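Results of the structural survey
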Amino acid sequence: LRFEDPFSDEEEDEDFEMVEDEEDEEMMDEEGGKPEYKVFIPGKDKKENENLVVDNSTYEMLHRMNVEWPMLSFDFIPDSLGQQRTKFPMTAFAVGGTQADDAANDKLVLMKMTQLHRTKHDDDSGSDSDSSEGNDDDLDDDPELQHISIKHQGSVNRIRNMPQKGGVVATWSAEGKVHIWDLTKPFELLEKSPTPPVSHKCEPAFTLGKHKDEGFAMDWSKVVAGNLASGDCKNTICRCKYAEGGWEADGGPYKGHTESVEDIQWSPSEAEVFASCSVDKTIRIWDGRKRDSSALSVKASDCDINVITWNHKVPYLLASGDDKGNFRVWDLRNFQNGQPVANFDWHAEAITSIEWCPDQPSVIAASAADNQLTLWDMSLERDAEAEAQMIAEGMAVPEVPPQLIFIHQGQKDIKEIHWHPQCPGVLGSTAADGFNIFKTINS
């Protein structure tokens with residue numbers, strides 16, 4: 001694992017930015033003599049054999065990491081460095097699971113990313129950058145990465161760190177097992193040792209063997225430490241918990257879905273309530289004390305529902321993403337009417353990950369198989385007055401939803417995204433070609 005050198009190769013990143021059409025670069029409009037500009041629309045305006053470069057001024061920071069094997073899933077690990085961290089350079093801890101060429105080569109990877117400096121001014125000229133001398137936030141040092149590997153049998157379909165304890169990790173193995181790992185010792189070494197070992201021998205503290213197939217759905221309860229729910233491709237949901245003496249299975253399976261369970265989210269405020277989504281096109285809300293049927297069920301799409309996310313600040317808001325690239329926002333107070341409060345069809349391919357921002361309850365991030373990671377602010381509305389002014393000035397009104405505030409590109413086959421729980425506005429994303437950690441100027 002290593003961070004990418006931004007100057008080693010020519011970049012081929014695409015970002016949502018104002019671009020000038022090269023063919024009309026010298027063309028001036030007849031009246032004002034101004035160059036014509038248009039909003040670049042990803043997936044629509046790119047010409048054949050055209051590469052776009054990242055505009056660093058649109059990011060507070062952007063760092064990219066190359067990986068030995070792709071990671072289908074990762075999670076940030078809470079640390080002891082403090083809450084609401086905004087000062088650069090930043091430090092972040094994460095854990096990921098690989099998808100190697102052979103099951104014997106798969107592993108868990110604990111990562112410590114340090115010297116995550118601000119990159120906003122990387123494109124500035126020498127005279128501009130000189131003005132920031134003496135500001136530690138703007139130092140142009142290279143980021144540093146330390147990591148510890150732990151052997152894992154089979155590809156890691158999904159990985160989640162228990163929110164109440166850094167280093168207690170659950171994994172969904174492609175071999176059909178849910179494992180719980182106590183990685184607190186190697187995590188402490190990574191936190192405190194200047195030269196941690198590159199590998200650590202460890203066996204799962206517990207393996208849940210009740211599933212009949214592999215799966216992807218998994219989530220820890222935010223209310224009750226140690227409560228874990230998991231769903232498999234044979235429509236089964238199971239639970240396990242931490243009790244005196246160790247981990248154990250918690251009762252029988254939950255019955256309701258008729259096809260693969262794709263994602264699970266615990267309620268942020270209620271101990272026995274969780275949600276699930278499925279290939280059967282439904283979202284279900286469960287009372288954890290009742291296993292024969294869900295408390296609520298709604299057909300929420302006309303295709304597979306891949307992912308869901310529960311808003312931690314506004315607990316009656318749930319969002320979902322489906323196989324056609326649509327994501328929807330649901331008000332659980334009126335869930336049974338089957339009508340979302342918002343529906344966005346921006347993405348051209350399946351939604352692969354979605355997550356509400358933990359600090360700004362109106363902001364949500366989504367990634368899709370179209371290689372876009374988008375940020376949205378549900379509090380924004382179309383500004384008719386501004387649009388009228390643009391039309392009066394002869395400018396085209398962008399064909400973008402007013403809630404869309406940023407598009408991050410440059411990764412191929414994005415699998416999962418997460419907001420950092422302690423660094424406001426910082427996002428991580430894992431894809432087939434590597435890992436990104438970044439903060440945009442408006443996140």
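Residues numbered from 1 in each chain as written. Predicted model: local features only at pLDDT ≥ 70, side-chain atom pairs only at ≥ 80, totals over all residues. Heavy atoms only, no water.

**What about the environment of phenylalanine 406?**
Tracing the chain through its elements places phenylalanine 406 in strand E28 (residues 404–408). For the pair phenylalanine 406 and alanine 365, spaced 41 residues apart in the sequence, the C-alpha separation amounts to 9.4 Å. (Helix = DSSP H or I, 4+ residues; strand = E, 2+ residues; numbered from the N terminus.)

**What to know about unusual backbone geometry**
The omega torsion across phenylalanine 88 and proline 89 is -5 degrees, close enough to zero to call that bond cis. Relative to the helices and strands, proline 89 is located in the loop between strand E5 (71–76) and strand E6 (90–98). Positive phi, close to 65 degrees, is recorded for asparagine 235, a residue that is not glycine. Relative to the assigned elements, asparagine 235 resides in the loop between strand E14 (228–232) and strand E15 (237–243). Exposure remark for asparagine 235: the relative accessible area of 25% places this residue in the partly exposed category. (Buried < 20%, exposed > 50% of the residue type's maximum accessible area, 1.4 Å probe, protein only.)

**Digging into the environment of aspartate 75**
Among the structural elements, aspartate 75 can be located in strand E5. Once the C-alpha coordinates of aspartate 75 and valine 95 are considered, the two residues, 20 residues apart in sequence, prove to be 5.5 Å apart. For aspartate 75, the contacting residues outside a window of four places in its chain are Ala94, Val95, Ile159, Arg160, Asn161 and His418. Looking at aspartate 75, its side chain comes within polar contact range of the main-chain nitrogen of asparagine 161, at 2.9 Å. (Contact = heavy atoms within 4.5 Å. Polar contact = N/O pair within 3.5 Å; in protein donor to acceptor, adjacent residues only side chain to side chain.)

**Structural notes on the pairing of strand E11 (residues 178–182)**
Taking burial as the measure, the five residues of E11 include four buried ones, the bulk of the element. If you look at the hairpin formed by strand E10 (residues 168–173) and E11, you'll find four residues sitting between the two strands, and glycine 176 has a positive phi there, around 90 degrees. Examined bridge by bridge, E11 and strand E12 (residues 206–208) share three bridges and lie antiparallel to one another. For isoleucine 180, the partnering residue across the bridge sits in E12 and is phenylalanine 206. (Pairing = 2+ DSSP bridges.)

**Considerations on the side chain of threonine 236**
With respect to the helices and strands, threonine 236 occurs in the loop between E14 and E15. Since its relative accessible area comes to 16%, threonine 236 is described here as buried. Not counting chain neighbours up to four residues away, the residues in contact with threonine 236 comprise His211, Ser230, Gly231, Pro253 and Val261.

**Some points on the confidence of the model for the protein chain**
Mean pLDDT for the protein chain: 89, with 88% of residues reaching 70 or above. This model gives residues 9–30 a pLDDT under 50, and the stretch forms 54 contacts once residues within four places in sequence are excluded. pLDDT under 50 marks residues 129–134. Its contacts with residues more than four places away, or in other chains, come to two contacts. (pLDDT = per-residue confidence, 0-100.)

**Remarks on the packing of aromatic side chains**
Aromatic ring pairs are defined here through the distance separating the ring centres and the angle between the ring planes. With the rule as written, the count across this model stands at 15 aromatic pairs. Between phenylalanine 93 and phenylalanine 187, the ring centres sit 5.4 Å apart and the planes meet at 80 degrees, which makes this aromatic pair edge-to-face. Taken as a pair, phenylalanine 93 in strand E6 and phenylalanine 187 in helix H2 (residues 184–192) lie far apart in primary sequence, 94 residues in all. Judged by relative accessible area, phenylalanine 93 falls into the buried class, the value being 2%. On the basis of relative accessible area, phenylalanine 187 is assigned to the buried category, the value being 5%. (Phe/Tyr/Trp six-rings, centres within 6.5 Å; stacked < 30°, edge-to-face > 60°.)

**Quick notes on the state of the cysteines**
Under the definition given, this model contains zero disulfides. Cysteine cysteine 240 shares no disulfide, and the gap to the nearest cysteine sulfur, in cysteine 238, comes to 9.1 Å. (Disulfide = S-S within 2.5 Å.)

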